[in-house]
Amino acid sequence: REDPSTIQVYSAGSDGLILRWTPTSALNSDMYDCQEEFSGHEGTIQCIVYSEEMDILITGSEDLTIRIWSFGTSQVRQEKDENESVDLNILVGHEGRITGLACCSDQVLASASHDKTIRFWDLHTRHEIDVVERAHDTPIHSMEYCETREELATAASEPIVKIWCSFKHSLKVVLTGHQADVTQVKWCAFKSCWATAADDQTIRLWDPEGMQKREIDYKGESITCMFIDNKHELVLAAMLDRAIRAYETESGFLVRKYRGHTDIVRQLTMVDEKGQYLSCSWDKSIRVWFTPKGKGKEARDQDSNVFAELPLEDLEEDEEYISSYEREHPLIPPRALKVGGATSSYLKMTNVKAQKSQEKPQADLNQETLCQTGLGKKLKDLEDSLKKDLLKERRLANSPGTKKGRGMLGVRGKR
């Protein structure tokens with residue numbers, strides 16, 4: 001897009017509304033203002049996709065409908081079939097919440113749902129043309145389209161991913177290897193491979209024939225959403241700890257860690273022309289982050305002082321990203337804190353913290369000893385079982401609708 005001021009961002013959430021955002025001004029293009037609001041869905045909007053070819057926005061909801069929003073100057077056109085008096089911008093057929101949408105070639109729309117089906121729609125006639133029944137044994141929660149290979153990938157509450165031919169609507173390949181349920185699947189264009197994330201704390205890359213190429217181990221909880229940055233050759237993953245991590249695919253190194261959201265991040269996207277990542281969360285906010293300057297390993301080298309060239313397994317996951325400005329301008333305590341009672345209070349607090357940190361190893365040792373015998377061991381086993389159940393419940397909650405907040409993002413602009 002030659003003029004970044006023409007960029008429009010659309011967000012959708014559990015209130016069933018779609019909001020249109022534009023840059024505040026040419027001088028302050030890192031801020032966005034809400035310009036317009038669209039309504040129509042009667043439930044949480046689960047997914048959103050933009051068709052550049054037809055200049056339409058498509059949304060899927062837990063109200064079991066898919067809506068097509070055609071853009072005029074500033075309004076949404078409602079097209080009616082005179083014979084049936086039916087709104088052709090509303091696609092009905094799924095029996096469960098719609099969780100995935102993809103614009104395929106020949107202006108065909110593919111949709112996935114918790115009813116375990118994949119449906120195909122003709123965007124010209126707005127009619128259903130085919131359906132794949134029982135595409136998975138469990139509700140489908142992720143879908144991705146590869147334009148170059150004319151393939152669709154779907155993931156459900158299973159440790160596998162299925163690759164489908166978008167023309168024949170038939171199964172081509174099954175990706176097997178994960179040891180836990182797959183949460184996300186994306187097409188990685190700069191590697192010409194599929195990328196999957198699962199609850200086994202791995203991100204895996206697969207060639208189109210279904211052979212695993214690489215495995216990236218990550219620390220943290222389940223991945224709630226994933227984005228492939230083809231320009232900087234990075235994989236971005238947001239996790240249940242509310243942090244967004246950027247990984248370099250060749251080595252698996254952690255390149256960046258973005259913190260700021262106070263609740264689960266539901267969607268990630270990128271505004272390439274402005275060098276920005278956008279994230280939306282259940283905390284009802286959309287945040288703007290700066291992208292790295294280099295590609296892959298070079299992106300990590302930009303912050304080598306922060307990470308000190310440590311491998312992924314040696315990185316402290318609770319270490320927050322420190323900007324170059326913070327390193328050059330460290331926080332200096334005011335002089336008032338260095339005199340009189342303030343100093344003694346500060347030193348006292350410091351000594352208490354130090355004493356607690358020394359007592360902690362002994363407490364951990366006693367706890368470990370207790371857990372090895374008798375009742376302590378049974379309690380530990382019960383705790384581990386409850387943690388696994390809680391993790392699965394949180395992952396199932398990734399399909400928004402159980403919590404209110406801004407959830408989906410779409411970017412539109414003039415080329």
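Residues numbered from 1 in each chain as written. Predicted model: local features only at pLDDT ≥ 70, side-chain atom pairs only at ≥ 80, totals over all residues. Heavy atoms only, no water.

Colleague: Would you mind showing me how to read the overall build of the chain here?
Modeller: When you go through the chain residue by residue, the secondary structure sums to five helices and 30 strands. On the chain, roughly 21200 Å² of surface is accessible, and the fraction owed to carbon and sulfur atoms is 50%. (Helix = DSSP H or I, 4+ residues; strand = E, 2+ residues; numbered from the N terminus. Areas by Shrake-Rupley, 256 points an atom, 1.4 Å probe, with all protein chains shown as cover.)

Colleague: Help me understand the sheet that holds strand β24 (residues 234–239), please; the structure alone is not making it clear to me.
Modeller: The four strands lie next to each other as β23-β24-β25-β26, forming an open sheet whose pairing is antiparallel. The two strands at the open ends of the sheet, each matched to only one other strand, are β23 (223–229) and β26 (254–258). The average angle at which neighbouring strand axes cross in this sheet is 20 degrees, direction not considered. (Pairing = 2+ DSSP bridges. Axes fitted to C-alpha atoms, helices over the stretch in contact; angles between N-to-C directions.)

Colleague: Help me understand the nonpolar core, please; the structure alone is not making it clear to me.
Modeller: One recurring pattern in soluble globular proteins is that nonpolar side chains are buried together. In this structure, Ile203, Tyr218, Ile223, Met226 and Tyr247 are the most contacted members of the largest nonpolar core, which totals 16 residues. Those elements giving two or more residues to this core turn out to be β20 (193–198), β21 (202–206), β23 and β24. Setting aside its immediate chain neighbours within four residues, Met226 contacts Gln184, Lys186, Ala195, Thr196, Ala197, Ile203, Val235, Leu236 and Ala237. (Core = buried A, V, L, I, M, F, W, Y, C linked by side-chain atoms within 4.5 Å. Buried < 20%, exposed > 50% of the residue type's maximum accessible area, 1.4 Å probe, protein only. Contact = heavy atoms within 4.5 Å.)

Colleague: Hey, could you run me through the pattern of salt bridges in this one?
Modeller: It is possible for side chains of opposite charge to pair when their charged atoms get near one another. Summed over the entire model, instances satisfying the criterion amount to 13 salt bridges. Close ionic contact of Lys172 with Glu151 constitutes a salt bridge, the shortest N to O distance being 2.7 Å. Of the two residues, Lys172 sits in strand β18 (residues 171–176) while Glu151 sits in strand β16 (residues 151–156), which places them 21 residues apart along the sequence. Given the relative accessible area of 0%, Glu151 is considered buried. Asp272 is paired through a salt bridge with Lys231; the nearest N and O atoms lie 3.0 Å apart. With Asp272 in the loop between β27 (265–271) and β28 (276–281) and Lys231 in the loop between β23 and β24, the pair connects residues that are 41 residues apart, well separated along the chain. Residue Lys231 is classed as partly exposed on the basis of its relative accessible area of 43%. One connected set of salt bridges, linked through shared partners, spans Arg149, Glu151 and Lys172. (Salt bridge = Lys/Arg side-chain N within 4 Å of Asp/Glu carboxyl O.)

Colleague: Quick question: what am I supposed to make of the sheet that holds β18 here?
Modeller: Where strands meet in a sheet, backbone hydrogen bonds hold them as pairs that are either parallel or antiparallel. One open sheet holds the four strands; their spatial order is β15-β16-β17-β18, and the pairing between them is antiparallel. Two strands close off the open sheet at either side, each with one partner strand: β15 (140–146) and β18. Across the sheet, the mean angle from the axis of one strand to that of its neighbour is 20 degrees, orientation sign disregarded. As judged from the six bridges shared by β15 and β16, these two strands associate in the antiparallel manner.

Colleague: I'm lost on unusual backbone geometry in this one. Help?
Modeller: With the exception of glycine, most residues fall at negative phi, and the peptide bonds are largely trans. Of note in the backbone geometry, Asp55 takes a positive phi value of approximately 55 degrees without being a glycine. Along the chain, Asp55 turns up in the loop between β4 (45–51) and β5 (56–61).

Colleague: Teacher, can you tell me more about the side chain of Glu144 here?
Modeller: Structurally, the position occupied by Glu144 is in strand β15. According to the relative accessible area criterion, Glu144 is buried, its value standing at 18%. A distance of 3.3 Å separates the side chain of Glu144 from the backbone nitrogen of Trp187, its partner in a polar contact. Sequence-distant contacts of Glu144, that is, excluding residues within four places in its chain, are made with Glu151, Leu152, Ala153, Val185, Lys186, Trp187 and Trp194. (Polar contact = N/O pair within 3.5 Å; in protein donor to acceptor, adjacent residues only side chain to side chain.)

Colleague: Which parts of the structure should I look at to understand the pairing of β4?
Modeller: In the case of a regular strand, side chains alternate between the two sheet surfaces. Counting buried positions over the seven residues of β4 gives seven, a clear majority of the element. Pairing of β4 with β5 involves six bridges; the strand directions are antiparallel. Note that in β5 the partner of Ser51 across the bridge is Ile56. The loop that links β4 with its antiparallel partner β5 comprises four residues; one of these, Asp55, has a positive phi angle of about 55 degrees.

Colleague: In this structure, what is going on with the side chain of Asp229? I would like to understand it.
Modeller: One can find Asp229 in strand β23. If we ignore the near neighbours within four places in the chain, the residues touching Asp229 are Phe190, Leu234, Leu236, Met270 and Tyr277.

Colleague: Honestly, the state of the cysteines in this entry has me stumped. Any pointers?
Modeller: By definition, a disulfide is the covalent link that joins the sulfur atoms of two cysteine residues. Across all of its chains, the model carries zero disulfides by this definition. With no disulfide of its own, Cys225 has Cys280 as its nearest cysteine by sulfur position, at a separation of 7.4 Å. (Disulfide = S-S within 2.5 Å.)

Colleague: Looking at this model, I keep getting lost on the environment of Arg266. Mind explaining?
Modeller: Its location among the elements puts Arg266 in strand β27. The class of Arg266 is buried, set by a relative accessible area of 9%. The sequence separation of Arg266 and Ser281 amounts to 15 residues, and the corresponding C-alpha distance is 5.2 Å.

Colleague: What should I look at first to understand the confidence of the model for the chain in this one?
Modeller: Detailed reading of the predicted coordinates is not advisable wherever pLDDT falls low. Taken as a whole, the chain shows an average pLDDT of 80; of its residues, 70% reach a score of 70 or greater. Ignoring residues within four places in sequence, the model shows residues 73–79, a span with pLDDT below 50, making 19 contacts including any to other chains. A low-confidence stretch, residues 304–319 stays under pLDDT 50, and its non-local contacts, those more than four residues away or across chains, total 38 contacts. (pLDDT = per-residue confidence, 0-100.)

Colleague: Where do I start with the pairing of strand β14 (residues 127–132) in this structure?
Modeller: Of the strand pairs in this sheet, strand β13 (residues 118–122) and β14 are connected by five bridges, and their pairing is antiparallel. Paired with Ile118 across the two strands is Val132, which belongs to β14. Hairpin connection, β13 to β14: the antiparallel pair is bridged by four residues, and Arg126 has positive phi, about 65 degrees.

Colleague: Before we go on, may I ask you to explain the packing of aromatic side chains in this structure?
Modeller: Any pair of aromatic rings gets described here by the distance separating the centres and the angle formed by the planes. Counted by the stated rule, this structure contains five aromatic pairs. Ring geometry for Tyr258 against Tyr277: centres 6.0 Å apart, planes inclined by 80 degrees, an arrangement best described as edge-to-face. Taken together, the residues span a long stretch of sequence, with Tyr258 in strand β26 and Tyr277 in strand β28 at a distance of 19 residues. Look at Tyr258 and you get buried, because its relative accessible area is 7%. (Phe/Tyr/Trp six-rings, centres within 6.5 Å; stacked < 30°, edge-to-face > 60°.)

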